[in-house]
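Structure at a glance
The residues making up each chain are set out below.
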Amino acid sequence: MRLFNWTKPILKRSLISLLAKFNSRSGVFAIEIKSSVGLGAKLEWCLEILAYCHEHRLVPQFKFSYPNSGKSEDYFGKFFKLKEIIDENKPVRFTTISSIIELNLGKDYDRILNIELATYLIHRYLAVKQDVLSEVESFCHQHFANRRVLGVHYRGTDKTKESPSVPYDTVKRNIDHYLKLHPETNCVFISSDDINFIEDMERAPVGRPIIYRNDSLRSRDGNSIHESADTNKYEVNRDAIVNCLLLSRCDALLKTPSILSGWSKLFNPKLPVVVLNQPYEQWFPERDLVRENVFVPVL
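Along each chain, numbering runs from 1 in the same order as the chain's sequence is written. Given that this is a predicted model, residues contribute local features only at a pLDDT of at least 70 and side-chain atom pairs are listed and counted only at 80 or more, while totals for whole chains, interfaces and linings are drawn from all residues. Water and hydrogen atoms play no part in the side-chain values, which are based on all heavy atoms of the structure.

1. Digging into the pattern of salt bridges
Salt bridge criterion: a side-chain nitrogen from Lys or Arg within 4 Å of a carboxyl oxygen from Asp or Glu. Under the defined criterion, the tally for this structure stands at 17 salt bridges. Notably, a salt bridge pairs glutamate 137 with arginine 249, separated by 2.8 Å at the nearest N-O pair. Placement of glutamate 137 in helix H5 (residues 130-143) and of arginine 249 in the loop between helix H8 (233-248) and strand S9 (252-255) is noted, with a sequence separation of 112 residues between them. Between arginine 203 and aspartate 200 there is a salt bridge, with its nearest N and O atoms 3.8 Å apart. In this pair, arginine 203 and aspartate 200 are both assigned in helix H7 (residues 195-203), three residues apart and thus about one turn of the helix distant. Helix numbers and strand numbers start at the N terminus; a helix is a DSSP run of H or I with at least 4 residues, a strand a run of E with at least 2.

2. Details of helix H9 (residues 259-267)
Residues spaced three or four apart along an α-helix face the same direction, because each turn holds 3.6 residues. Most of H9 sits inside the fold, with eight of its nine residues counted as buried. Within H9, burial applies to Ile259, Leu260, Ser261, Gly262, Trp263, Ser264, Lys265 and Leu266. Residues adjacent in sequence count toward polar contacts only when both atoms are side-chain atoms; beyond that, a polar contact is any pair of N or O atoms within 3.5 Å, and within protein one must be able to donate a hydrogen and the other to accept it. The N-cap residue of H9 is serine 258: its side-chain oxygen and the backbone nitrogen of leucine 260 are 3.3 Å apart. Only protein chains enter the accessibility calculation, which uses a 1.4 Å probe. A residue is then buried if its area is under 20% of the maximum for its type, exposed if over 50%, and partly exposed in between.

3. Considering the packing of H8 against H9
At a minimum axis separation of 8 Å, H8 and H9 run at an interaxial angle of 45 degrees. By the angle class used here, H8 and H9 are oblique. Both H8 and H9 take part in a crossing whose hand is right-handed. Along the contact surface, H8 presents Ala240, Ile241, Cys244, Leu245, Leu247 and Ser248, while H9 presents Leu260, Ser261, Trp263, Ser264 and Phe267. Ten residue types, Ala, Val, Leu, Ile, Met, Phe, Trp, Tyr, Cys and Pro, are classed as nonpolar, four, Asp, Glu, Lys and Arg, as charged, and the remainder, Gly among them, as polar. Of the residues assigned to the contact of H8 with H9, the class counts are eight nonpolar, three polar and no charged. Under this scheme, a helix contributes an axis fitted over its contacting stretch, all axes are lines through C-alpha atoms, and angles between N-to-C directions fall in the 0 to 180 degree range. In this scheme, roughly parallel covers angles under 35 degrees and roughly antiparallel covers those over 145, while 65 to 115 is roughly perpendicular and the rest are oblique. Handedness of each helix crossing follows the sense of rotation of the near helix against the far helix: counterclockwise by less than a right angle gives left-handed, clockwise gives right-handed. Any two residues whose heavy atoms approach within 4.5 Å are treated as being in contact.

Structure follows, in structure tokens:
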């Protein structure tokens with residue numbers, strides 16, 4: 001006789017939440033986010049967990065993986081490290097989640113987060129690995145040195161599920177508008193998962209050099225890169241974090257809704273940002289960025 005229906009989502013969330021809190025009795029809140037969502041979503045959940053840990057005086061630990069990942073795969077530890085030191089001689093018990101709601105943290109920390117708090121949590125707890133920073137520094141030295149740079153992030157592929165698609169021409173009109181306001185701008189740095197957008201921008205009469213990183217993979221058919229089973233997840237995640245940091249080094253950022261490029265503002269709170277359209281749901285950090293647009297997007 002089965003006493004519990006283990007497939008019920010509410011029961012599953014309750015059990016995961018209890019397990020996470022039981023494991024945190026050691027003072028360490030260790031979470032493995034095992035999900036097919038992209039790096040940006042995982043990092044936003046990471047922020048919510050950091051806010052919870054900060055409030056409850058727990059030491060955070062993270063792993064990022066995918067449903068088909070091996071036991072040793074961790075895409076958090078490859079690119080980030082935590083500043084909180086734990087006793088390496090004591091085993092850490094990770095609780096595995098596929099969604100932040102499974103933790104039942106007691107508050108809607110997404111609603112509590114703002115740019116000031118998120119920036120504090122990042123600087124308090126997280127550090128980017130040195131090899132990633134070195135690549136960013138090398139690219140900036142080669143392409144950004146002594147230049148005024150406009151950053152443009154165009155998220156295509158699966159993002160149409162979360163926000164209305166932005167036509168290429170709308171992006172170009174807003175680039176032109178920015179350049180008229182800031183004629184001292186020397187070049188335009190583009191980050192995009194859509195190779196068609198980059199090729200279109202290279203043909204556009206922008207009047208400034210177009211720069212972009214040689215990412216490992218971009219989509220031509222509109223299919224999501226990070227959800228593809230045969231994608232090299234390490235390379236795709238590295239592309240994402242490096243581009244995010246490069247956008248944070250620009251003098252301003254024009255972007256479509258994306259949590260990951262929203263993190264560019266969290267890495268550099270002084271970065272002027274224009275979000276070109278609004279997502280269907282107001283998640284952090286996009287809802288704050290839309291309110292702080294430095295100019296009204298040109299339609």
